[in-house]
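Residue-level structural notes
Listed below are the residues making up each chain.
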Amino acid sequence: MPDQPHVLVIDDEPMITLLIVKALTASGMKAITAASGEEGIRLYQEQGADAILLDVVMPGGMDGFATCAKLRELPDSQNIPILIMTGTDDLQSVNRAYEVGATDFITKPINLPLLGHRVRYMLRSSETTKHLMESEQRLHQLAYFDDLTELPNRLSFRENLQVMISLASRQTMKLAVLFLDIDGFKRINDSLGHHQGDEVIKVIGSRLRKTLRSSDILVRMATSGDQEDISLARLGGDEFTVLLSKIERNEDAAKVAERIRICLAEPILLDDQELYTTTSIGISIYPENGSTAEEMLKNADMAMYHAKRAGGNQYRYFSTQMTDSAKRRLNLENYLHKAIDRGELALHYQPQMDLVTGEFCGVEALLRWYSPELGHISPAEFIPLAEETGLIVNIGEWVLRQACIQAKTWHNQGILGRMAVNVSARQLRQHDFSMLVAKIVAETGIDPQNLELEVTESALIFEEDHVLDVLRSLKKIGVLLAIDDFGTGYSSLSRLKNFPIDRLKVDKSFVDDVEKDTANAAIVSAIIAMAEGMNMSVIAEGVETTEQLTVIKTKRCTEVQGYLFCKPLPAAQVENFLREQQQIINSNKTNCLP
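Now for a look at the structure at hand. Because the structure is a prediction, the values reported are computed rather than measured.

**Description of the overall build of the chain**
Scanning the chain for helices and strands turns up 21 helices and 22 strands. The C-alpha radius of gyration of the chain comes to 39 Å, more than 25% above the 25 Å expected for a compact globule of 594 residues. Projected onto its principal axes, the C-alpha positions of the chain cover 145 × 50 × 45 Å. Counting only contacts in the chain whose residues sit at least 6 apart along the sequence, the fraction spanning at least 24 positions is 67%.

This is the structure we're talking about:
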């Protein structure tokens, strides 16, 4: 309550007004007076008041009831205590006083000594009510709004969505949910810190507000009515949702999604540094893709995930095939967790030929998985899953150890030289990866020069300094390093020359049709020429025809592997194959002796 409350007294009788003012002043209050309802409303609008005393009977203008009703219509007047003064205490007058918004009433003649206490009680009650309302507002803000962006949160969005679904059901309308996720946002947090990450989220929230106000036009063009068409919320982290509560066609959602995608791809300037973000967006449509808020959100989330898996920076509509895919993925993940312990993983090996000597100089270890429940699972399906879930770290360690054990066994039998093992980007990011390799090399007794670790070109792009340190540590151990699928990762030559690489593997996509596709032939020639200039060997993978082999030879490629020679086989079968090939080579050498 203010130290000296201001009380507005509205009464057309000067003597009564004077007595009321004296009583209020004696109680430590400041009073301003008005002789009519109209004048009282004007004074309140100009000067405000902490409380209002209002006479009911004021001839020649608005009476007290009408004045009270008008006062309650003014902004910020809902909680101002209004005490109506009336010469009658009949029930009808009292009820009407409360109906028009009075806080309390007092009958005339007024007990002036008690008036100050009456007004102060009203002021304290008003202050208490004000604090309670503010507390309720704060609690509502905490419960339904995101602190960082001040946007509605998940709970608020879900409740609003369920209400709009009910409305859409009654009115046979379509609505759409857009689920947004910022691609690679974790890298921003990891590299710049969570404070800068929060600033990025604030910028994104602000941009979404602006672009959705513009996008609202796209939706309203096909609809009518005053109902809010677009709702925006932050679910948490880097996830946002948009509700388009009135759409006529499914394509309307795509227009808004594309507008969002373009807007959020614009650079963000923070501390004189430009940051670039892209966005994956999933779209679910009511009623085709769900009948509840939970279903709509889940399906939009699933569609977003498929957009992200397809490379990000795009939108996808939900489809039932995505549900089937998600169920299979969940099944695969559950069984993959148990695959090592259950002995379901196995290594197959594909021989690699030295084109100069005509002998097989090594093999590449390739992972295979047979699940008793699911059957044979393609590496193209389960290896990306292992990458995403982090299971590749344990699986990769198992692969490396088994391959080294096999290589040492073959070396002791005089069969083979080099063992190539694929290493994932996630393994490279492990801080102790080089120590793990050194440990396995020591445990298995393999000559490190007989171990070649293959990393993909894309693995070199991110966290370049860390990856470079890891590769240098591996070279100190003595292992060989190769870049797998070279030519598909878009790494620059200036970056490549910084890495201690021994061999490049030409990707199969360039070997395909190399005998008739001049572009592929030119790419292969360029890769080989570049490797020669950087003292690297080159191996072409995926050679399947004699025509491809002929072209590869003319390009001065030193090594090849592919189905033309041998498909990936279990260890025992590869061992037999290599022994047979060595016997043929030895026989040919003997026949060539004079």
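**Focus on the environment of Arg556**
Tracing the backbone through its elements, the reader meets Arg556 in the loop between helix H20 (546-554) and strand S21 (559-561). Other than its neighbours up to four places away in sequence, Arg556 contacts Ile528 and Glu532. Here Glu532 takes part through its side chain, which lies 2.8 Å from a polar atom of the side chain of Arg556.

**As for the pairing of strand S14 (residues 360-371)**
The buried fraction of S14 is high, at 9 of 12 residues. Here strand S13 (residues 345-354) pairs with S14 via 9 bridges, running antiparallel. Residue pairing in the sheet places Leu347 in a bridge with Leu367 of S14. Here S14 pairs with strand S16 (residues 418-423) via 4 bridges, running parallel. The residue bridging Glu364 from the neighbouring strand is Ala420, located in S16. Direction of pairing for S14 relative to strand S15 (residues 375-377): antiparallel, over a ladder of 3 bridges. Its bridge partner being in S15, Tyr370 is matched across the sheet by His376. Remark: 3 residues form the turn of the hairpin made by S14 and S15, two consecutive strands paired antiparallel.

**Some thoughts on helix H10 (residues 293-309)**
Over its 17 residues, H10 extends 24 Å from the first C-alpha to the last, a length consistent with the 24 Å expected when each residue adds 1.5 Å. Here H10 has its buried residues at Ala293, Met296, Leu297, Asn299, Ala300, Met302, Ala303, Met304, His306 and Ala307. Phi turns positive, to about 120°, at Gly311, one or two residues after H10.

**A word on the nonpolar core**
Ranked by internal contacts, the top residues of the largest apolar core, which has 83 residues, are Leu451 and Leu453. Counting 29 residues, the second largest nonpolar core, distinct from the first, contains Phe185, Leu212, Ile247 and Leu275.

**Details of unusual backbone geometry**
For the bond running from Lys108 to Pro109, omega is 0°, close enough to zero to count as cis. By the element assignment, Pro109 lies in the loop between strand S5 (104-107) and helix H5 (112-144). Even without a glycine there, the phi angle at Asp76 is positive, about 60°. In this structure, Asp76 sits in the loop between helix H3 (64-73) and strand S4 (82-86). Overall, the relative accessible area of 74% leaves Asp76 in the exposed class. Even without glycine at this site, Arg556 takes up a positive phi of about 70°.

**Some points on the sheet that holds strand S3 (residues 51-55)**
One open sheet holds the 5 strands; their spatial order is S2-S1-S3-S4-S5, and the pairing between them is parallel. At either margin of the open sheet sits one strand with a lone partner, and together these are strand S2 (30-34) and S5. This sheet shows a mean twist of 20° between the axes of neighbouring strands, independent of strand direction. Sheet topology note: the S4/S5 ladder contains 4 bridges and is parallel. Each residue of the ladder has a partner; that of Met85, found in S5, is Ile106.

**Some points on the side chain of Ser126**
With respect to the helices and strands, the residue Ser126 is situated in helix H5. A relative accessible area of 17% means that Ser126 is categorised as buried. Not counting chain neighbours up to four residues away, the residues in contact with Ser126 comprise Asn79 and Pro81.

**Things to note about the packing of helix H6 (residues 154-171) against H10**
At a closest axis distance of 9 Å, the pairing of H6 and H10 adopts a crossing angle of 115°. Between H6 and H10, the interaxial angle falls into the category roughly perpendicular. Contacts between H6 and H10 involve Phe157, Arg158, Leu161, Gln162 and Ile165 on the former and, on the latter, Ala293, Glu294, Met296 and Leu297. Here the contact of H6 with H10 is built from residues that sort into 6 nonpolar, 1 polar and 2 charged.

The rules behind the values
- Residues numbered from 1 in each chain as written.
- Predicted model: local features only at pLDDT ≥ 70, side-chain atom pairs only at ≥ 80, totals over all residues.
- Heavy atoms only, no water.
- Helix = DSSP H or I, 4+ residues; strand = E, 2+ residues; numbered from the N terminus.
- Rg over C-alpha atoms; globule rule 2.2 N^0.38 Å.
- Contact = heavy atoms within 4.5 Å.
- Polar contact = N/O pair within 3.5 Å; in protein donor to acceptor, adjacent residues only side chain to side chain.
- Buried < 20%, exposed > 50% of the residue type's maximum accessible area, 1.4 Å probe, protein only.
- Pairing = 2+ DSSP bridges.
- Expected span 1.5 Å × (residues − 1).
- Core = buried A, V, L, I, M, F, W, Y, C linked by side-chain atoms within 4.5 Å.
- Axes fitted to C-alpha atoms, helices over the stretch in contact; angles between N-to-C directions.
- Parallel < 35°, antiparallel > 145°, perpendicular 65-115°, else oblique.
- Nonpolar A, V, L, I, M, F, W, Y, C, P; charged D, E, K, R; others polar.

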